[in-house]
Protein chains: 2
Amino acid sequence: MRQLIEAMFLPAFAEESGRGTGDSGKQKAEEPAHDSAVVEIAGARLAFTTDTFVVSPLFFPGGDIGKLAVYGTVNDLAMSGAKPLYLSAAAILEEGFAMETLHRIIESMAAAAREVGVRIITGDTKVVDRGKGDGIFINTSGIGLVPEGVDISPNRIQPGDMIILSGDLGRHGMAIMSVREGLGFEANLQSDCASLAGLVEAMLAADKSIHCLRDLTRGGLASALNEIAADAQVGIELEESAITVTDPVRSACEILGLDPLYVANEGRLAAFVTQHSAEKVLDVMRKHPASHGPAIIGKVTKEHTGTVVVRNQLGSARIVDMLSGEQLPRIC
Amino acid sequence: MRQLIEAMFLPAFAEESGRGTGDSGKQKAEEPAHDSAVVEIAGARLAFTTDTFVVSPLFFPGGDIGKLAVYGTVNDLAMSGAKPLYLSAAAILEEGFAMETLHRIIESMAAAAREVGVRIITGDTKVVDRGKGDGIFINTSGIGLVPEGVDISPNRIQPGDMIILSGDLGRHGMAIMSVREGLGFEANLQSDCASLAGLVEAMLAADKSIHCLRDLTRGGLASALNEIAADAQVGIELEESAITVTDPVRSACEILGLDPLYVANEGRLAAFVTQHSAEKVLDVMRKHPASHGPAIIGKVTKEHTGTVVVRNQLGSARIVDMLSGEQLPRIC
């Protein structure tokens, strides 16, 4: 997917960006791809992002497509350090989609938006013929305001930076797979689907100079860190023992032959901070309900640029590659 | 469609809007729905809009889904008087969709964005299994800046306002239908798909106080004016003889039993201006390449509130109703 986007979309759109008026759009081809683009309009630094949700099933333990569509875009904005303000919501309905189900999804979106404090202010609905869609697909785009002095980007990552993970891994992906594959783990396997906006706000209040944030969605921790290592041209070293995976997630992963490091999360982030402020940020995270056992899981190195290495308790190291292909389709 | 949106989406999202911080989001339930929402962020008035494109076929005489996705959202921003600045682009691909086709569509989007002077700065791609999509669906959302002193809204319409139409009607809808139904009109029937942003900028330069603008997409002129008459609580009277429909569009409409007043356009707008400034605005429009025979087609009345009436050359009048149901599915 990343290759597809990079190979086709970015160069085509960057070309046209190149002719722009020199404003500070960040998602040019020569700069690393971000969760959100940050641009300056009339003196305000705004984050802008879009995401389409095609998750199947529409309702899963711990959430539904409506919640996911709100939190997902809110989290992308938060990963730029922005305070999420406004969302759009656009639905593609398959002909015959049940109105009660639509109603439940809309209510769920409204509740999630209320909780986060964002407003859904513009929308669109299209209907496609039966067999040309799948129930409902939802796109949300969002606008957020980046506070003065906040500058979050892979470019700012330095060797020596500490990497903090906000909680246990793999819940969202395995909650979805458990339902799809009928594993019967549903009782213990709830999606981690949640807003990270409040957590990020608290973290930035503790340390405005946080270097980089990334939420660990499709492709999980491993893909996120591989992207960052490549973009920032640094190496990353992780301590396996510091990474938490709950027993139900581990069991489900074993049954399906999946590695939790690659499984999608919808309420977890990795933060890159200086060694100096790591404890301060971690302390704030420990007190915030959106983190679940935050921990320093590794550090940034000058060595093995572009590569992520995990060290186990015996001290032996393995390379955590970028996955080619999508491990779990339609997980979000 | 409108009923669906109004009945479900708006109340659910307005409820949460009501708890906002009193900022100037315009798409509250108590205010008429707009092409874009206008909000104030850090002192700047921004327009924000979203639209999903599911047009079939993907390539049609005069355009393609990529062009349409850029112009459509640009036009929605322009209808708030905003200068379009940034777009997002999110694609849902059906498994097996040809990469050459994707490439052509992306190039077309990039060319359209370049032409308009907007930048596509953030994107997303999802792939769904075969039979769960239809080639490609594209969502674009957009941000524009509303200039100082511009305030475009159905609320500002007054009895006595003149209604200006920017060109002939029905080309987009009939270009699509001609291909779908194999009418063989393609040579003479090109979609009017185009950006209206430059035209609106020129019109606002001539008269900053334009009351309302609306592009005549799904449901055509008739639906747009019915929505506005209901929202603004005014009557509308049109002169049939002032409305241009080309011969190929008229012929295609006759064959398919359609009324050109209801057929979708993708490059036409209606403007509501004071009687005083109508000639001045019309004059600017005549000189702009994005209008095609602009004309004053009618006026706003105090009488028959919420109703659109068309008078023919013999002086007899008929009511132009809101269509229930969608006349032409997947036209955009």
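Structure: above.
Since the model is a prediction, treat every value here as computed from it, not as a measurement. (Residues numbered from 1 in each chain as written. Chains lettered and ligands numbered in written order. Predicted model: local features only at pLDDT ≥ 70, side-chain atom pairs only at ≥ 80, totals over all residues. Heavy atoms only, no water.)

A.B. asks: Explain helix α8 (residues 275-286) of chain A to me, please; I cannot follow it from the model alone.
C.D. replies: Side chains three or four residues apart in an α-helix point the same way, a direct result of the helix having 3.6 residues per turn. Residues and elements named next belong to chain A. The first and last C-alpha atoms of α8 sit 17 Å apart over twelve residues, in line with the 16 Å expected at 1.5 Å per residue. Every buried residue of α8 is listed here: S277, A278, V281, L282 and M285. Buried residues in α8, looked at end-on, bunch into an arc of 145 degrees, giving them a common side. Residues of α8 that are buried in the fold lie against β8 (162-165), α5 (197-206), β11 (269-273) and β12 (295-301). (Helix = DSSP H or I, 4+ residues; strand = E, 2+ residues; numbered from the N terminus. Expected span 1.5 Å × (residues − 1). Buried < 20%, exposed > 50% of the residue type's maximum accessible area, 1.4 Å probe, protein only. Arc of directions from axis to C-beta. Contact = heavy atoms within 4.5 Å.)

A.B. asks: Just checking my understanding: could you explain the sheet that holds strand β1 (residues 37-41) of chain A for this structure?
C.D. replies: Each strand in a sheet pairs with another by means of backbone hydrogen bonds, the pair being arranged parallel or else antiparallel. All names here are of chain A. Taken in spatial order, the five strands make up an open sheet running β1-β2-β7-β5-β6, and their pairing is mixed. Strand pairing shows two members of the sheet lacking a second neighbour, β1 and β6 (119-128), which therefore form its edges. Strand-to-strand twist of the sheet, defined as the mean angle between neighbouring strand axes without regard to direction, takes the value 20 degrees. Both strand β5 (residues 83-94) and β6 contribute to a ladder of nine bridges, which runs parallel. Looking across to β6, one finds that A89 is bridged to G123. Helix α2 (residues 65-78) contacts β2 (44-53), β5, β6 and β7 (136-145) of the sheet and is inclined by roughly 145 degrees relative to β2. Contacts from helix α3 (residues 99-116) reach β5, β6 and β7, with the element oriented near 15 degrees to β7. (Pairing = 2+ DSSP bridges. Axes fitted to C-alpha atoms, helices over the stretch in contact; angles between N-to-C directions.)

A.B. asks: Explain the pattern of salt bridges here, please?
C.D. replies: A side chain of one charge can pair with a side chain of the opposite charge when the charged atoms of the two come close. Across all of its chains, the model carries 28 salt bridges over all chains by this definition. Across the pair D134 of chain A and K132 of chain B runs a salt bridge whose closest N-O atoms are separated by 3.8 Å. With D134 of chain A in the loop between β6 and β7 and K132 of chain B in the loop between β6 (119-128) and β7 (136-145), this pair bridges two chains. Note that K126 of chain B is salt-bridged to D124 of chain B, the shortest N-O span being 2.9 Å. The burial state of K126 of chain B is the same as that of D124 of chain B; both residues are buried. One network of salt bridges, in which partners are shared, links D51 and R218 of chain A together with D124 and K126 of chain B. (Salt bridge = Lys/Arg side-chain N within 4 Å of Asp/Glu carboxyl O.)

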